[in-house]
Amino acid sequence: MKTVADFEPVLLANIGKPDSWTRRGYEAYGGYEAVRKVIGKLAPKDVAETVKSSGLRGRGGAGFPTGLKWTFLPPNHPGPIYFCLNADESEPGTFNNRVLMELDPHQVLEGMMISCYATNCKTAYYYMRCEYPLAYKRTLAAIQECYDAGYLGKNIFGTDYSLDIHLHRGAGAYICGEETGLIESLEGKRAWPRIKPPFPAVEGAFRKPTVVNNVETAACVKQIFDRGVEWFKSIGVPPDPNNPRDAGSYGPKLYCLSGHINKPGCYEAPLGITVTELIDRYGGGIWKGRKAKACIPGGISMGILKADEFHCPLDFNGPGKFGCLGLGTAAVVVMDETVQMVDYLMNSARFFSHESCGQCTPCREGTSWATRLLTRIKAGKGRLKDLDLLAEIGDTIGIMPGTTICGLADGAAWPLKNTLKKYRGELEEYIKKTNPDGWAETKPVPALKLLSIH
Amino acid sequence: MAERILTDKMIEEIRAFIPRYPSKQAVTVPALHIVNEHLRCVPRQAVVEIAQILELHPSQVQDTLTFYGYFKQDAPGGKCRVWVCRSIACALRGADELLEHLEHKLHVKAGETTPDGRISLEYAECLGACEHAPCILANDDLHQSVSPEQAEQLVASVK
């Protein structure tokens with residue numbers, strides 16, 4: 001296994017080089033060699049088999065094995081089969097896809113071409129959030145360059161395989177990152193996630209079999225065909241022998257470091273690096289010489305790690321051992337000792353109540369209830385029993401699967417549950433300090449103006 | 001019959017999207033983007049006309065429009081839409097203060113447009129630029145690690 005010390009970045013290898021976002025620049029650094037080795041040379045099922053044997057797990061947040069996802073497509077389907085690239089990253093703290101799309105869009109397209117070939121897809125949609133104007137501009141230009149060069153369109157690279165990629169812009173909704181929400185949005189509707197089954201692989205976009213993959217996953221697919229399965233498997237963490245459900249965490253990963261850190265940024269490291277290593281090696285330590293208090297290990301929905309848990313390895317199973325939901329998007333947001341947990345909770349609850357699609361009652365009502373409660377606590381009108389109520393909301397709104405259609409409520413519940421467990425004392429103190437006799441006016445704060453803002 | 005609001009150019013742009021998808025309804029969001037770009041909002045009459053082009057009921061287009069925070073319907077947005085990110089990474093580095101400062105300077109609340117129609121001040125739930133916190137997206141330009149003073153200069157420079 002490669003350690004962090006001898007690890008050489010590959011996903012970010014071109015970044016910082018001149019013209020890394022143009023086809024000419026990309027090809028000068030060895031671009032489009034992998035796809036030439038694949039299209040017309042290998043059978044699609046062998047391509048899928050290679051990805052499966054690499055152990056690549058989706059980088060979008062859930063960590064589902066990519067090759068396995070592809071095999072869920074109905075065999076010998078007459079088509080069409082659609083491929084959607086999920087470029088709607090909106091999870092607070094996460095920006096790795098933006099870095100790839102802005103500075104190396106061809107790497108993403110190359111991975112996408114290989115993935116489309118492996119899944120027999122001839123029409124692909126690149127669903128990008130609208131908050132990324134530069135990524136949009138560069139990806140649009142990159143797609144055009146590919147059409148001009150004969151890398152997209154009919155008979156690509158002179159083979160009998162044809163592929164069209166269409167760039168589709170979102171319109172500012174977090175839920176479009178959920179795969180069935182994305183599909184509904186692509187179809188021109190409100191992004192209300194669908195009840196599964198049927199899974200998109202069986203019935204997805206336009207009621208046809210559909211694969212939804214993340215941007216970084218596509219870049220990893222490209223790297224696997226450039227460097228081989230052995231290389232990919234030599235990085236990361238093998239499966240835990242004591243956990244039969246652990247599929248291992250292989251390959252390089254982009255980590256987004258932000259918050260109270262000296263050098264925030266997107267860094268590439270092997271899966272399994274610890275939070276401490278990440279902060280010390282890449283992040284340049286905590287800013288202003290302060291002490292760390294906590295961090296979010298993988299996007300706001302994953303829960304929180306205390307400073308004494310920073311030895312947590314950032315692989316797909318690491319954060320779960322420390323009471324978090326999982327690795328998520330590997331976006332590490334560091335908080336220093338000056339942060340009050342009530343502010344963090346308030347921020348996360350407000351985010352989720354704003355972004356809940358409103359389809360399922362527990363999520364719609366639960367997230368806004370939690371926000372109202374936290375607003376009141378923050379305003380110095382909290383009561384100790386509010387914390388029990390918050391814990392109850394956290395325990396009941398997001399029980400997957402069961403009470404809601406998608407995982408947003410679960411994502412909203414984890415910061416609540418987790419923080420109440422790890423920082424209850426601090427929250428109690430805050431309430432006692434700001435509302436000492438418990439007699440402050442407890443009139444509810446006005447209903448939140450969540451939707452009238454835009 | 002209300003007067004037509006979509007220009008021939010807009011209709012042409014919308015139609016150009018149709019061959020990309022197996023259903024016309026899929027062009028709804030691209031069509032809303034096109035109209036929003038030209039008119040800085042999507043009035044009800046435009047919704048009716050989009051529905052005609054895409055062979056939908058106007059309520060289907062309206063339903064989609066209201067779901068996405070990006071589109072405005074009742075009044076045009078400002079010439080420059082200034083999005084202040086307030087997600088956790090930005091909040092840790094002073095985003096809330098930044099938004100408050102701009103509200104104070106522009107005399108508008110987040111979500112409103114200045115009376116001269118120059119600037120719409122809005123908040124974003126996450127701009128995905130957390131390494132540059134706190135950040136502001138002004139139309140297509142991302143401004144990084146913005147201090148209240150820089151933000152003030154930024155809004156003053158919008159013509």
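Parameters and conventions
Residues numbered from 1 in each chain as written. Chains lettered and ligands numbered in written order. Predicted model: local features only at pLDDT ≥ 70, side-chain atom pairs only at ≥ 80, totals over all residues. Heavy atoms only, no water. Helix = DSSP H or I, 4+ residues; strand = E, 2+ residues; numbered from the N terminus. Buried < 20%, exposed > 50% of the residue type's maximum accessible area, 1.4 Å probe, protein only. Contact = heavy atoms within 4.5 Å. Areas by Shrake-Rupley, 256 points an atom, 1.4 Å probe, with all protein chains shown as cover. Lys, Arg positive; Asp, Glu negative; His and termini not counted. Charge placed at Lys NZ, Arg CZ, Asp CG, Glu CD. Salt bridge = Lys/Arg side-chain N within 4 Å of Asp/Glu carboxyl O. Buried area = accessible area lost by both parts, 1.4 Å probe. Polar contact = N/O pair within 3.5 Å; in protein donor to acceptor, adjacent residues only side chain to side chain. Nonpolar A, V, L, I, M, F, W, Y, C, P; charged D, E, K, R; others polar. Domains from an automatic or database assignment. UniProt positions renumbered as here; feature names shortened; annotations may be inferred. Pairing = 2+ DSSP bridges. Axes fitted to C-alpha atoms, helices over the stretch in contact; angles between N-to-C directions.

Named according to an unreviewed UniProt entry, chain B is NADP-reducing hydrogenase subunit HndA originating from Anatilimnocola aggregata.

Looking up chain A in an unreviewed UniProt entry gives the name NADH-quinone oxidoreductase subunit 1, with the organism given as Anatilimnocola aggregata.

Along the backbone of chain B there are 7 helices and 4 strands. Along chain B, from the amino end to the carboxyl end, the secondary structure elements read α-α-α-α-β-α-α-β-β-β-α. Oriented by its inertia axes, the alpha-carbon framework of chain B measures out at about 50 × 35 × 25 Å. For chain B, buried positions account for 57% of its 159 residues. Here the analysis covers contacts within chain B between residues at least 6 apart in sequence; of these, 62% occur between residues at least 24 apart. For chain B, the exposed surface amounts to about 7200 Å²; the carbon and sulfur share of it is 50%. Of the charged side chains in chain B, 16 are positive and 22 negative, and the gap between their average positions amounts to 3 Å.

Residues and elements named next belong to chain B. Mapped onto the elements, C90 comes out in helix α5 (residues 88-91). Residue class for C90 comes out buried when judged on its relative accessible area of 1%. Measuring from C-alpha to C-alpha, the distance between C90 and T7 comes to 40 Å, with 83 residues separating the pair along the chain. When residues no more than four places from it in sequence are discounted, the contact partners of C90 are C85, A95, A133, P134 and C135.

What follows deals with the pattern of salt bridges. Residue and element names in this part refer to chain A. A complete count under the given rule lists 37 salt bridges over all chains for this structure. Two residues, K189 and E184, come together in a salt bridge whose shortest N-O distance is 3.7 Å. Accessibility expressed as a relative area gives 22% for K189, which makes it partly exposed. Measuring nitrogen to oxygen at the nearest pair gives 2.8 Å for the salt bridge that ties D226 to K222. Of this pair, D226 and K222 both sit in helix α9 (residues 215-227), 4 residues apart, roughly one helical turn. The buried category is assigned to K222, whose relative accessible area is 4%. Each of K69, E178, E179 and K196 takes part in salt bridges that share partners, so that together they form one network.

On the side of chain A, 57 residues touch chain B, which itself brings 44 residues to the contact. Across the chain B to chain A interface the summed buried area is about 4000 Å²; carbon plus sulfur atoms make up 57%. At the surface where chain B touches chain A, the tally comes to 3 salt bridges. B:E131 serves as the salt-bridge partner of A:R98, at 2.8 Å between the closest nitrogen and oxygen. The tally of links from chain B across to chain A stands at 20 residue pairs in polar contact (both at pLDDT 80 or more). Counting residues per element, the ones that place at least two in the side of chain B that touches chain A are α2 (28-39), α4 (58-67), α5 and β2 (119-124) of chain B. A per-element tally of the side of chain B that touches chain A places α2(B) first, with 5 residues. Looking at the side of chain B that touches chain A residue by residue, the class counts come to 21 nonpolar, 12 polar and 11 charged.

Turning our eyes to something else, we now look at the domain arrangement of chain A. Residue and element names in this part refer to chain A. Considered domain by domain, chain A is made up of domain 1 (23-234), domain 2 (251-336) and domain 3 (342-434). Look at where the C-alpha atoms of domain 1 and domain 2 centre, and you get two points 27 Å apart. Taken residue by residue, the interface counts 19 residues in domain 1 and 20 residues in domain 2. Interface area, domain 1 with domain 2, both sides summed: about 1500 Å², of which 63% is carbon and sulfur. On the domain 1 side of the interface with domain 2, the three residues burying the most area are R59, E91 and F95, jointly 31% of the side's total. Along the contact surface separating domain 1 from domain 2 lie 1 salt bridge. Top element by residues in the side of domain 1 that touches domain 2 is helix α5 (residues 96-103). It accounts for 3 residues.

This part is about the UniProt feature "binding site: [2Fe-2S] cluster" (unreviewed entry) in chain B. All names here are of chain B. The UniProt record marks C85, C90, C126 and C130 with the feature "binding site: [2Fe-2S] cluster" (unreviewed entry), using the residue numbering of this structure. Taken along the chain, the residues just named run across 46 residues; in space they keep tight, none of their C-alpha pairs more than 9.1 Å apart. With respect to the helices and strands, C85 occurs in strand β1 (residues 80-85). Judged by its relative accessible area of 2%, C85 falls in the buried class.

Residues and elements named next belong to chain A. In spatial order, the strands read β8-β7-β11-β9-β10; together these 5 strands make up an open sheet with mixed pairing. Strand pairing shows two members of the sheet lacking a second neighbour, β8 (265-270) and β10 (305-306), which therefore form its edges. Of the pairings in the sheet, the one linking strand β7 (residues 252-259) to strand β11 (residues 331-336) comprises 4 bridges and is parallel in character. Residue pairing across strands places G259 opposite V334, the latter belonging to β11. Running at roughly 110° to β7, α5 makes contact with β7 and β8 of the sheet.

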